[in-house]
Amino acid sequence: MTDKPTPQDPTADAARRTVERERIGRKTPEPSLGIRLGQIGILGWAIVTPMLLGVVLGRVADRHFETGVFFTAPAIMIGAVIGFHAAWKWMHRP
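Residues numbered from 1 in each chain as written. Predicted model: local features only at pLDDT ≥ 70, side-chain atom pairs only at ≥ 80, totals over all residues. Heavy atoms only, no water.

J.: Please clarify how the packing of aromatic side chains should be interpreted in this entry.
T.: Any aromatic ring pair is given by two values, namely how distant the centres are and how the planes are angled relative to each other. Under the counting rule described, the total for this entry stands at two aromatic pairs. Judged by centre distance (5.6 Å) and plane angle (45°), the ring pair of Phe 65 and Phe 71 falls under tilted. Taken together, Phe 65, Phe 70 and Phe 71 form an aromatic cluster joined through their ring pairs. (Phe/Tyr/Trp six-rings, centres within 6.5 Å; stacked < 30°, edge-to-face > 60°.)

Below, the structure is given as structure tokens:
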């Protein structure tokens, strides 16, 4: 005789997973609509604020050096990268 593990019933596994999800759902309920809207607002400002700061700093540098939009365009892009990185980190925090 061989000691092979018997395959488990997929229906029983699905039922166990369903019960576990329901238990977790009761333990930690879904956040309210207000909280979700607040999260969207925070993400928006986390992206827009560094971009606006890039516009301001770029325009100040362009006026000082009289270069048109030479500093403004890269400053906006750098601000966008910083903002998207901050939003990504905020969304994936534990």
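Okay, back to it.
J.: Explain the pattern of salt bridges here, please?
T.: When the charged atoms of two side chains lie near each other, side chains of opposite charge can form a pair. The tally for this structure, following the rule as stated, stands at four salt bridges. A salt bridge links Arg 16 to Asp 13; its shortest N-O distance comes to 2.7 Å. Of this pair, Arg 16 and Asp 13 both sit in helix H1 (residues 10-27), three residues apart, which is roughly one turn of that helix. Using a relative accessible area of 24% as the deciding quantity, one classes Asp 13 as partly exposed. Residue Arg 23 pairs with Glu 20 through a salt bridge whose shortest N-O separation is 2.4 Å. You can see Arg 23 and its partner Glu 20 sitting in helix H1, three residues apart, about one turn around the helix. (Salt bridge = Lys/Arg side-chain N within 4 Å of Asp/Glu carboxyl O. Helix = DSSP H or I, 4+ residues; strand = E, 2+ residues; numbered from the N terminus. Buried < 20%, exposed > 50% of the residue type's maximum accessible area, 1.4 Å probe, protein only.)

J.: How do you make sense of the side chain of Thr 72 when you look at a structure like this?
T.: Tracing the chain through its elements places Thr 72 in helix H3 (residues 72-91). For Thr 72, a relative accessible area of 8% corresponds to the buried category. Polar side-chain contacts of Thr 72 include one of 3.3 Å to the backbone oxygen of Gly 58. Engagement of the side chain of Thr 72 in a polar contact is seen with the backbone nitrogen of Arg 59, the distance being 3.3 Å. Aside from chain neighbours lying at most four places away, what touches Thr 72 is Val 55, Gly 58, Arg 59 and Asp 62. (Polar contact = N/O pair within 3.5 Å; in protein donor to acceptor, adjacent residues only side chain to side chain. Contact = heavy atoms within 4.5 Å.)

Purely spatial values, then, with no claim about function.
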